[in-house]
Amino acid sequence: MDLELKGKLAVITGSSKGIGLGMARAFAREGANVLINARNAPAVEAVSKQIANEFGVLAVPVVADVSTAAGCQSIIDAAARSGGADIFVSNAGTGSNETVAEAPDEKWMDFWTLHVMAAVRLSRGLADQMEAKGGGAMLMNASICAVQPLWYEPIYNTTKAALLMFAKCLSSEMIKRNIHVNTVNPGLIRTPDWENTARELRGDEWEQYLQEVADEHADIKRFGSVEELADFCVFLCSPRASYSVGSTYHVDGGMLKTV
Ligand SMILES: NC(=O)c1ccc[n+]([C@@H]2O[C@H](COP(=O)([O-])OP(=O)(O)OC[C@H]3O[C@@H](n4cnc5c(N)ncnc54)[C@H](OP(=O)(O)O)[C@@H]3O)[C@@H](O)[C@H]2O)c1
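So, a few notes on the structure that sits alongside this text. Residue positions are given per chain, counted from 1 along the sequence in the order it is written. Side-chain atom pairs in this predicted model are given and counted only at pLDDT of 80 or more, local residue features only at pLDDT of at least 70, and totals for whole chains, interfaces and linings cover all residues.

What the 7 strands build is an open sheet, ordered β3-β2-β1-β4-β5-β6-β9; its pairing is parallel. Of all strands in the sheet, those with a lone pairing partner are β3 (59-63) and β9 (248-251), marking the two edges. Direction aside, neighbouring strands of the sheet carry axes that sit 20° apart on average. A pair of strands counts as paired when DSSP detects no fewer than two bridges linking them. Strands are runs of DSSP state E lasting at least two residues, helices are runs of H or I lasting at least four, and both sets are numbered from the N terminus onward. In this sheet, strand β5 (residues 136-141) lies alongside strand β4 (residues 87-90) in parallel orientation, the contact comprising 4 bridges. Bridge assignment links F88 to a residue of β5, and that residue is M138. Residues are scored as being in contact if the C-beta atoms we place from backbone atoms lie within 7 Å. Fitting a line to C-alpha atoms yields each axis, with helices limited to the stretch in contact; the angle taken between N-to-C directions then spans 0 to 180 degrees. Against the sheet, helix α8 (residues 226-236) makes contact with β4, β5, β6 (179-186) and β9, and its axis sits at roughly 165° relative to β6, the strand it touches most.

What follows is the structure, encoded as structure tokens:
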């Protein structure tokens, strides 16, 4: 299937590693140009060069913190200089660990700006570029925790649920401009971050730890790979998924326990 992505510009936040990097590579494999973003400058530069060399596409490096208005604006400006965005994936995010009783207001606000305001600011700013090009696609990377919480991370669960609702509201508004907005809720996706956490918790038995997590949560009894998730997301952002509007897709190996 030709995903009709050649020459399009895909803006992916948090794309220096993990899921975002996997998505950037999957878009580039389809011939799309990509905007690579994260806060760590050497990683952003290295990933951009690697993708440009490997796939022969344009890879635009933007070092920016998406939890700030200025950081979002620098991404919007860089996309405009590169011909305008066709696709936007709001991916940058991170887990939390706290109780409601002990977490201070500042922590709530930090996660709100990272998980919600980044998506608000970037979708608002990139929509004009997409409309000028005839339309586009936006994908919010929330989490299964937006609908099925893990109890050690109430701030993560709550802000990801807010992102999901934001995407639904945004989709009704944006489809009038031929911009398709959807959400993906991944389950357990094996990233270097998960592997590092496992090593910290269990040392040499880290792989066993990951297996125990998968056994407990996912019917399929394994983590998903970054590639398994990225391929799904790239299809969802392509013109081949053009009747998907305002939907939420779980890619979770059977982790969701409701219909
Ligand atoms: N892995 C999973 O099992 C899983 C499951 C469900 C949902 N998710 C969601 O998927 C997304 C990606 O997760 P991941 O596991 O791939 O995480 P990861 O491996 O930790 O990668 C996160 C990426 O985001 C960047 N980033 C973090 N904060 C940023 C900020 N303020 N501004 C710009 N970039 C920022 C990081 O680079 P810098 O630190 O250099 O900025 C990195 O490139 C997150 O939203 C996460 O909630 C993950």
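Helix length check: helix α4 (residues 105-132), at 28 residues, gives a terminal C-alpha distance of 40 Å against a target of 40 Å (1.5 Å per residue), a fit within 8%. One or two steps after α4, the chain reaches G134, where phi turns positive at roughly 100°. Expected span, for any helix, means 1.5 Å times one less than how many residues it has.

The phi angle at E4 is positive, at roughly 55°, despite the residue not being glycine. Structurally, E4 can be placed in the segment before β1 (9-12). In this model, K221 sits at a positive phi of 65°, which is unusual for a non-glycine residue. Tracing the sequence through the fold places K221 in the loop between α7 (206-217) and β8 (224-225). Look at K221 and you get exposed, because 12 C-beta atoms sit within 10 Å. With C-beta atoms placed from the backbone, the exposure class of a residue follows from how many other C-beta atoms lie within 10 Å of its own: 20 or more, buried; 12 or fewer, exposed; in between, partly exposed.

By themselves, these are just geometric observations and shouldn't be taken as functional.
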